[in-house]
Every structure is written in C-alpha cells, then in structure tokens.
Amino acid sequence: MPSYKVAPPNADLLRSKKRKRQRARAKNSRANRGAGIAQVVASVTEKDNDEHALESLLFGDDIDSGEWLRSLNERHKDTDESTREQVIRRNNFDENSDSETEPGSRPLFFIESAPTEAATESETDNETDEEGRSLKLQALEPVVPASVWEDDEDEDGSTPSEVVRGVDISAVSRLRKLREYESETVVSIQDYESRLRKQFESLNPRPNWAQRRENESEIGDVLQLLQSSERLSGNSRKVISADRIPMARLKDANQSAYSQSVVHSLKFHPRAPVLMTAGLDRTVRLFQIDGKVNPKIQSITLKDLQIYSANFTPDGREILMTGKRRFFYTFDLESGTVNKVPGVRGHDENSFEKSYLSPCGNYIILPGRDGVLLMLNRTTKQWIADLKMNVPVVRSVDFSSDGRYCYSMGADGVVWQWDLYTRSLVHKFREDGAVNTKVFSISGDSKYFAIGSKSGIVNIYSGADCHSSERPKPLKSIPNLTTSIHQLRFHPDSQILAISSRARKDSLRMLNLPSMRVYPNWPTERTPLSYINSLDFSPSGGYMAIGNDKGKALLYRLGDYA
C-alpha cells in the first residue's frame, strides 16, 4: 500500500494567524472600553434640575434661584419631620412613633431665619408627648451616642468567665495556703482578693505610727486644725543633732536675675516665701522661693543710691533702703510706690550705711556720728529722740524679741541696753576680753547673746547673765575663724548660729548652741561659698540664703527643718 507523508506545519503561518487573533481581540477591547467611558462621561455630565439651579444661584443666571430654594425646602420638609421624630425616639421621648428616616435623608445645609409667631405657636401645640410635656427643646438636644465599650468588670469587678470559674487555688502550690479546708479548689475573685489581703497583713502587721488612737477621728483632726491659728509648719521645736547638719544646695535664689555687684543685703520676707537682694548696683530684687525655679517677682532701681542696707518691715508691707547718703528710700509693696526721705530734720548726717527696724514695727534706728542713735517713727519717718553712747562709732544694733529694748555696741565691747518706750538707758555690760568688737546679735528667745571681734573669736553669753551682771562670763568661745567677724545670724528656733567673715573666702561656720559645738560636716573645703557678704534664715527655718561677691544668692535647705 502506498504511504503518505504529512507535510510539517509552517511556523511563519502559525505566527501570522496568532498575530491576527491578538489584533482582533485588542480592537474589540478598545471598542468596549470607549463605549464604557462614553457612558460614564454622559452620566457625569448629565445634570438634573437641582444642579442647574444651584449653579445659577452661585454664578448667576436667569433661573429663579429663590423659587428653587423654596422648592428644595418643601422637598426636605418631610425629611426634617421624620428626622425630628427619630431624635425624639432615640431619647425615649416617644416610644409609639413609627416613622423612620434614612441616614442620607438629612439636608446638607439649611437656611436659618427668625421663626414667626404662628409657626412657634403651631410647633408648641403639636410637639407634646403623651403626658402633655413639651418636646420642642428636647427634640433639638444633641443625641448622646451609646457607649462603644461596656466593661463587665464595672459591675462586680471581674469578667464573666472569671465569675463563673473563679480562681483555682489548689492548682498552684503557693496558693494552697489560702484554702480554708483541704478539698477547696475554686473561689471567687472577691474572696481570693480578701484572702490575699489577710495573708499579707498577717505577715506584715501595721506599724504603731499608722494606728489611729481610739479617741481620734479624721473629723476631729480637721476640726482641731481649723480651730488653731498656728502655722502649719515650723512650729515644733525639736532638738537637732549636734554631730551633723544635713544641708542640701538648691537652685540659686536669684538665678533668674543675678546682681551686678556684691550682694550687700539679703533678707527673707517675714510672712511670704519671698527673698530680697540688694547691693551696689542700686537695684532691689524680689524672688519667689520654691527651691526649683525661684522666679523674679519685681525689681526696683534707685538711680542715686548704692544700697548698703535693705530691710523688710515686720508686717512685710514696706522696704527700707539706705546707703552712704544723707537721704534714704522706702518702697511700699502694696501700692508699688517709691518714696524718698530727704533726711532727718535737725541732724547733719551724711551717711546712713546701716539701718535697723524694731520687731514691734514702730521704730527705725539709724546709727549716726559720735555714737548717736537716731530714733525715728517708722510710719512717718520723723525724728523722735537721740540715744547717745560714749563711743565714736556705733558698730552693731539689735533688739529684744518684743521690740521694747534696743542693744547697741561700739568698738570698746560695751553693750548698751535702751528702753525705747522711755528713751532711757537701762543697763550696760562689757564683753569679756573685748578687742575691737565688730558685731553683736541676740537669739529670738533672748537666751543667747553673741559678740564677734576683729580677731575672729565669737563669744556666746547667757542672756540672763548679761542682764544681771556688768562683766558676764562667756558660755563658750568659738575660735574657728581667724579673720574679722562680719555676720552673726541666729536660726529662728535658737539652736543654730551662723558665723561668717567676708575677709577670707569660704569663711562660714555653723554652731550648734545646745552643745556649743561647730558642725564638722558642713561647710567643707569644696563648698563654693566664695566671699560671704550677707546671710539670712527663712522665718520657718527651712532655708538659708547666702549672698556673695559674685552677685549670687546661694540657697540651701536645712534637712532637719524640711
């Protein structure tokens, strides 16, 4: 039989047919895509009457836009009514209403106009519930949506699953001690918490200081506090340690505005947490003391007076500022006014470098020439009397705590006691071994008298001995400093005496008065005090401020009084 041979397929012909089929499919796809785009464009470009009317309203046209707006309001009137009913129903105002609104039926904007009386009356008459209450305002209240999350623990403190199964205290060995009987396995969350608390209290009993006395109650404490006019802090007098004084340095008191000269005078306000600094830059600055920021409150600049002495009055309402001039200034803190006092009438004094205010707030003492003390009325600044000492220069002045007696001292070491009520000399006593005495100070309770000399020795006397004897013997002599003493400052509770000298750098010592011992732990060789020109304690005793030659007011916290 004859055999037939099949010819191989032509590869070029196959590729040609394939390309033709691809071109046909692409042509059909483009035609379909074009028809779809045309339909979309037609649907997008097609505008209804509302769109035409809106365009005419915005861009201007012959179409009556007012008529269109009125028709639009009429069209949405039914929607507004149904929306109002839906709000009422959501707030449980009308449970019988069955009208519903679709989410998109609310108008996107509305025209607000003043309602007419007829419309108001009709709405008031129509919008009432079954009990006759008005629903007009209730319907306009915003809808408060329901909480998105509701925690089941708010009900009983546990989740539903825990309420059912609780805690298996038999599964863990350390929890088995909480069982009340051996076969107990699952307990509730509340019971589990109470047993843990009881177990903790059995192992850690409450300390005695946390126990409230039987006759003490919280209400009783509050009433006792309200019935007392004492200060909330700084009252209690406790005996502090004689071996160590805890001191912590804080931010500088005047860090927001350093002085441009030596801080000659530095004082705490008697009633507020305020510190005053003054010096040769003719500026008095007030700072609010908080130990962290210490912001500046106010500053007063005097153009013609370098300030050597600045003091608050005992009531804290006025500042007295003096210097090496025959005049001085006062600053009223309440009114913010500065008053210049031209001098003391009848006295030819050229300098009032030092000034002192009596604790009673009635008198000003200005040391003058030839051992004269000028006594002025604090309110009027008028001269009252002269107190004459037999010394060429008055070195130091101090007062008794009640302000009745004034004590003055010259370089000869004789202390004069004056009665300011009678303007007469009461008593004199001489400092033991007096050699060019410089400064004199009395403790707040008048128990101690301290006298510092040019040689650096400070003698501590008993107040009772000084009042009864003309040559009292010192309780203790403090020879720790070797240069002239310039500052002696007693702590408000009379347990600490600060001794300083500006003749040598870092010359400061802190003396514990009950033991008559100098604290060894502070200051140290690394304490950056520089040359000390002024220092003061806060009224409560918690702060100590030191003014130095760099214009800084260093601030320290006393740990025993914090």
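Placed above this text is the structure.
Residues numbered from 1 in each chain as written. Predicted model: local features only at pLDDT ≥ 70, side-chain atom pairs only at ≥ 80, totals over all residues. Heavy atoms only, no water.

With that settled, the discussion passes to the overall build of the chain. The secondary structure content of the chain amounts to ten helices and 30 strands. Among the 562 residues that make up the chain, the fraction classed as buried is 37%. Counting contacts in the chain only where the partners sit at least 6 residues apart, residues at least 24 apart contribute 45% of the total. Working note: accessible area of the chain is about 34800 Å², and carbon and sulfur atoms make up 49% of it. (Helix = DSSP H or I, 4+ residues; strand = E, 2+ residues; numbered from the N terminus. Buried < 20%, exposed > 50% of the residue type's maximum accessible area, 1.4 Å probe, protein only. Contact = heavy atoms within 4.5 Å. Areas by Shrake-Rupley, 256 points an atom, 1.4 Å probe, with all protein chains shown as cover.)

Take the packing of aromatic side chains next. Considering all chains together, one arrives at eight aromatic pairs under this definition. Among the aromatic side chains, those forming a connected cluster through ring pairs are Tyr407, Phe429, Phe440 and Phe449. Lying across the ring of Phe327, Lys340 places its NZ or CZ 4.1 Å from the centre. Over the face of the ring belonging to Trp416 we find Lys428, whose NZ or CZ atom lies 4.4 Å from the ring centre. (Phe/Tyr/Trp six-rings, centres within 6.5 Å; stacked < 30°, edge-to-face > 60°. Lys NZ or Arg CZ within 6 Å of the ring centre and 35° of its normal.)

Time to look at the sheet that holds strand E9 (residues 318-323). The strand order across the open sheet formed by four strands is E8-E9-E10-E11, and the pairing between neighbours is antiparallel. Strand pairing shows two members of the sheet lacking a second neighbour, strand E8 (307-312) and strand E11 (337-341), which therefore form its edges. Across the sheet, the axes of successive neighbouring strands diverge by a mean angle of 20 degrees, strand direction being ignored. Taken together, the five bridges between E8 and E9 define a ladder with antiparallel strand orientation. Each residue of the ladder has a partner; that of Ile307, found in E9, is Gly323. (Pairing = 2+ DSSP bridges. Axes fitted to C-alpha atoms, helices over the stretch in contact; angles between N-to-C directions.)

This part covers the pattern of salt bridges. Throughout the structure, instances matching the rule amount to 16 salt bridges. Linking Glu334 and Arg317 is a salt bridge whose minimum nitrogen-to-oxygen distance equals 3.4 Å. Here Glu334, found in the loop between strand E10 (328-332) and E11, pairs with Arg317, found in the loop between E8 and E9; they are 17 residues apart in sequence, far enough to count as distant. Note on Glu334: relative accessible area 62%, which makes it exposed. Judged by its relative accessible area of 47%, Arg317 falls in the partly exposed class. Several salt bridges converge on common partners, so that one network encompasses Glu180, Glu184, Asp191 and Arg195. (Salt bridge = Lys/Arg side-chain N within 4 Å of Asp/Glu carboxyl O.)

Attention now moves to the side chain of Ser507. With respect to the element layout, Ser507 can be found in the loop between strand E25 (496-500) and strand E26 (508-512). On the basis of relative accessibility, which here comes to 4%, the residue Ser507 falls in the buried class. Within the local environment of Ser507, its side chain forms a polar contact with the backbone oxygen of Arg504, the two atoms lying 3.0 Å apart. (Polar contact = N/O pair within 3.5 Å; in protein donor to acceptor, adjacent residues only side chain to side chain.)

A few words on unusual backbone geometry. Between Trp522 and Pro523 the backbone carries a cis peptide bond, its omega angle lying at -5 degrees. In this structure, Pro523 sits in the loop between strand E27 (517-518) and strand E28 (532-537). Although it is not a glycine, Met516 adopts a positive phi angle of roughly 55 degrees. With a relative accessible area of 13%, Met516 lands in the buried category. Positive phi values are uncommon outside glycine, yet Ser530 reaches one of about 65 degrees.

Together, Lys17, Lys18, Arg19, Lys20, Arg21, Arg23 and Arg25 give the surface a local cluster of positive charge. As for its position among the elements, Arg25 is in helix H1 (residues 11-45). (Patch = residues over 30% accessible without salt bridge, like charges linked within 9 Å, V, L, I, M, F, W, Y side chains within 5 Å. Lys, Arg positive; Asp, Glu negative; His and termini not counted. Charge placed at Lys NZ, Arg CZ, Asp CG, Glu CD.)

Side-chain positions along a regular strand alternate between the two faces of the sheet. Judged by how many residues are buried, E28 sits mostly within the fold: six of six residues are covered. The sheet contact formed by E28 and strand E29 (residues 543-548) spans five bridges and is antiparallel. Of the residues in E29, the one forming a bridge with Asp536 is Ala545. In sequence, E28 turns back onto E29 through a hairpin of five residues, with Gly541 there showing a positive phi of about 85 degrees.

Turning our eyes to something else, we now look at the nonpolar core. Counting 19 residues, the largest nonpolar core has Ile245, Leu508, Met510, Trp522, Met544, Ile546 and Leu558 as its most contacted members. When near neighbours in sequence (up to four residues on either side) are disregarded, Ile546 contacts Leu266, Leu508, Trp522, Leu529, Ile532, Ser534, Leu535, Lys552, Ala553, Leu554 and Tyr556. Formed by 17 residues, the second largest nonpolar core is a distinct cluster that contains Tyr363, Ile365, Cys406 and Leu420. (Core = buried A, V, L, I, M, F, W, Y, C linked by side-chain atoms within 4.5 Å.)

Strand order in the open sheet made by the four strands is E4-E5-E6-E7, with antiparallel pairing throughout. Edge strands, defined here as strands with exactly one partner in the open sheet, are strand E4 (263-268) and strand E7 (296-301). Sheet twist, expressed as the mean angle between neighbouring strand axes with direction ignored, is 15 degrees. Sheet analysis places strand E5 (residues 274-279) next to strand E6 (residues 283-288), joined by five bridges and oriented antiparallel. Across the sheet, the residue bridging to Ala278 is Val284, located in E6.

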